[in-house]
Amino acid sequence: MADRLSLTLLQAQSPNSPTMASSLSGAAANRILPVASRARFSLSLSSASRSSLSLSSPSCPLSSAKCFRFSPFISHLSLNSQRRSMVNVSSRGFGTVAAALDLEQLKSAKDDIKEILKTQFCHPILVRLGWHDAGTYNKNIEEWPQRGGANGSLRFEVELKHGANAGLVNALKVIQPIKDKYSDVTYADLFQLASATAIEEAGGPKIPMKYGRVDVTVPEQCPEEGRLPAAGPPSPADHLREVFYRMGLNDKEVVALSGAHTLGRSRPERSGWGKPETKYTKDGPGAPGGQSWTVQWLKFDNSYFKDIKERKDENLLVLPTDAVLFEDPSFKVYAEKYAEDQEAFFKDYAEAHAKLSNLGAKFDPPEGIFLDGPKQAVPEKFVAAKYSSGKRELSDTMKQKIRAEYEAVGGSPDKPLQSNYFLNIMILIAALAFLSSLVMN
């Protein structure tokens, strides 16, 4: 069944290789430590279950982790202070090695994703990858990882086999080399980084993302099937609300996120929806075929809402869960707004995407880490003339007196006072000036 959360966004190019998750190789999934902690832990396990823990010097050169094939068990984690730990991955488990989150690795991973997007045109399926990892969240479950959400569980074969995730093994094949190269970045962070970057590189808004998500470690921690939306339920509006409300999202966010259908195509061999090809998809880019929602299906804009509203082009796809956005009274308010105002759509979409990417995630540190640094308010510079209550500019002498008073109580040109003391001084000066003028007259 076609999923709704990607909202059946499908990859523009499908690599020809086996579609089993066991064909993917993987480096160690790393649990993130705060940035301030630069020491790296290495864990060594022998077949006799002996274990030891040691710290390696942060000054030691570290090479990238190598890729191992799936095997029945995690056989061995070797300790070496000169390199990163390497892990064998299997469908039964996934070893974890704690490591400090390296922001430089995160930034470099983003750059690599941008380069891949330029050549493979895989924006839609990377958006879908991030959404489907996060979209299993259930707000009614408090425990992590039982609550689902953005925790990297989608890398396991058991979850990849869910009907709504058909074809996402191809997204993992795109992402895995980046994970191998930057092993300090967790799968949970990498999936969301790829999704947000794909939106931005397609011309969409900048997503206010944060990082530091912790990965689940074994397939038994994957959510059960059935948490992701379907494309053709009997009652589309009720179904969308049931699924998205469970995630803690509202009607505005449902409609805004649906707008991501401006990207991508639906392939009938994967989802059961759409035509084998149209005049807009028969020549690619990427692997040809499928049916798109918009004419320029690799460009992020508000065309999705315009095209659904008009319904004039038979080559464009409209699913039942698309059509209902202009049929349901509450959904329609936002769909009409976004069809007319792309700026409003971009603003609401960016907020909804960021919220979705954080659902169910466990962050380390708890407040998360921002790729571009935390947003800080810039203090207002002091300009004495700005506080003049009259129409005439204050004299330089008066400005100097006011500034001297201002600095005497802790103010400065770069540090506005947090109280109304300065305002009181201005009122007193104004009152004295008024009384002086009366006496002179």
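Residues numbered from 1 in each chain as written. Predicted model: local features only at pLDDT ≥ 70, side-chain atom pairs only at ≥ 80, totals over all residues. Heavy atoms only, no water.

Section: the overall build of the protein chain
Moving on, step 1. Within the protein chain, the secondary structure is distributed over 14 helices and eight strands.
Moving on, step 2. Here the protein chain holds 441 residues, and 52% of them are scored as buried.
Moving on, step 3. Counting only contacts in the protein chain whose residues sit at least 6 apart along the sequence, the fraction spanning at least 24 positions is 73%.
Moving on, step 4. Counting only carbon and sulfur atoms, one obtains 54% of the accessible surface of the protein chain, whose full area is about 20,200 Å². (Helix = DSSP H or I, 4+ residues; strand = E, 2+ residues; numbered from the N terminus. Buried < 20%, exposed > 50% of the residue type's maximum accessible area, 1.4 Å probe, protein only. Contact = heavy atoms within 4.5 Å. Areas by Shrake-Rupley, 256 points an atom, 1.4 Å probe, with all protein chains shown as cover.)

What about helix α1 (residues 103–120)?
Moving on, step 1. Across its 18 residues, α1 extends 25 Å between first and last C-alpha, which sits within 8% of the 26 Å expected from 1.5 Å per residue.
Moving on, step 2. Three or more residues of α1 are buried, namely Gln 105, Leu 106, Ala 109, Lys 110, Ile 113, Ile 116 and Leu 117. The arc that holds the buried residues of α1, viewed along the axis, is 140 degrees, so those residues lie on one side. In α1, the exposed positions angled more than 90 degrees off the buried face are occupied by Glu 104, Lys 118 and Thr 119. (Expected span 1.5 Å × (residues − 1). Arc of directions from axis to C-beta.)

Some thoughts on the nonpolar core
Moving on, step 1. One finds Leu 126, Phe 300, Phe 305, Leu 325 and Tyr 349 to be the most contacted residues of the largest nonpolar core, which totals 74 residues.
Moving on, step 2. Core analysis: the next-biggest nonpolar cluster, separate from the first, contains five residues, Phe 156, Val 214, Val 216 and Cys 222 among them. (Core = buried A, V, L, I, M, F, W, Y, C linked by side-chain atoms within 4.5 Å.)

Structural notes on the packing of aromatic side chains
Moving on, step 1. Applying the stated criterion across every chain yields a total of eleven aromatic pairs.
Moving on, step 2. Through a chain of ring-to-ring contacts, three or more aromatic side chains come together here, namely Trp 131, Phe 300, Tyr 304, Phe 305, Tyr 338, Phe 345, Phe 346 and Tyr 349.
Moving on, step 3. Across from the ring centre of Phe 363, 4.5 Å away, lies the NZ or CZ of Lys 210, which sits over that ring.
Moving on, step 4. Positioned above the aromatic ring of Phe 331, the side-chain terminus of Arg 241 is 4.2 Å from the ring centre. (Phe/Tyr/Trp six-rings, centres within 6.5 Å; stacked < 30°, edge-to-face > 60°. Lys NZ or Arg CZ within 6 Å of the ring centre and 35° of its normal.)

Points about the packing of helix α7 (residues 251–258) against helix α11 (residues 329–340)
Packed helices, taken two at a time, are described by their axes: the angle between them and the distance between them.
Moving on, step 1. Where α7 contacts α11, the two axes come as close as 9 Å, and the packing angle between them is 45 degrees. When the axes of α7 and α11 are compared, the pair comes out oblique. Of the two possible hands of crossing, α7 and α11 adopt the one that is right-handed. When α7 is examined against α11, the residues Asp 251, Lys 252, Val 254, Val 255 and Ala 256 are found in contact with a partner set consisting of Ser 330, Phe 331, Tyr 334, Ala 335 and Tyr 338.
Moving on, step 2. Tallied by class, residues from the contact of α7 with α11 come to seven nonpolar, one polar and two charged. (Axes fitted to C-alpha atoms, helices over the stretch in contact; angles between N-to-C directions. Parallel < 35°, antiparallel > 145°, perpendicular 65-115°, else oblique. Left-handed = near helix turned anticlockwise from the far one by under 90°. Nonpolar A, V, L, I, M, F, W, Y, C, P; charged D, E, K, R; others polar.)

Some points on the confidence of the model for the protein chain
Segments scoring low in pLDDT should not have their predicted coordinates read at a detailed level.
Moving on, step 1. Per-residue pLDDT for the protein chain has a mean of 77; in total, 68% of the residues score no lower than 70.
Moving on, step 2. Note that residues 1–99 has pLDDT below 50 and, in this model, 293 contacts with residues that lie over four places away or in other chains. (pLDDT = per-residue confidence, 0-100.)

Some words on unusual backbone geometry
Moving on, step 1. The omega torsion across Gly 284 and Pro 285 is 10 degrees, close enough to zero to call that bond cis.
Moving on, step 2. The residue Pro 285 is located in the loop between α8 (268–271) and β8 (291–292) in this model.
Moving on, step 3. A cis amide bond links Asp 364 to the next residue, Pro 365, at an omega of 5 degrees.
Moving on, step 4. Mapped onto the elements of the fold, Pro 365 is located in the loop between α12 (342–358) and α13 (396–408).
Moving on, step 5. A positive phi is found at Arg 311, a non-glycine position, where the angle reads about 50 degrees.
Moving on, step 6. If you trace the backbone, Arg 311 turns up in the loop between α9 (303–310) and α10 (320–323).

A look at a nonpolar patch on the surface
Moving on, step 1. On the surface, Leu 428, Leu 432, Phe 434, Leu 435 and Leu 438 cluster together into a nonpolar patch covering about 520 Å² of accessible area.
Moving on, step 2. Along the chain, the position of Leu 432 falls in helix α14 (residues 421–440). (Patch = residues over 30% accessible without salt bridge, like charges linked within 9 Å, V, L, I, M, F, W, Y side chains within 5 Å. Salt bridge = Lys/Arg side-chain N within 4 Å of Asp/Glu carboxyl O.)

Regarding the environment of Ala 231
Moving on, step 1. Within the secondary structure, Ala 231 sits in the loop between α5 (187–201) and α6 (236–246).
Moving on, step 2. As for Ala 231 and Gly 272, which are separated by 41 residues in sequence, their C-alpha atoms are 9.7 Å apart.

Quick notes on the environment of Glu 201
Moving on, step 1. Note on placement: Glu 201 falls in helix α5.
Moving on, step 2. Each residue touching Glu 201, except ones within four places of it in the same chain, is listed here: Lys 114, Leu 117 and His 123.

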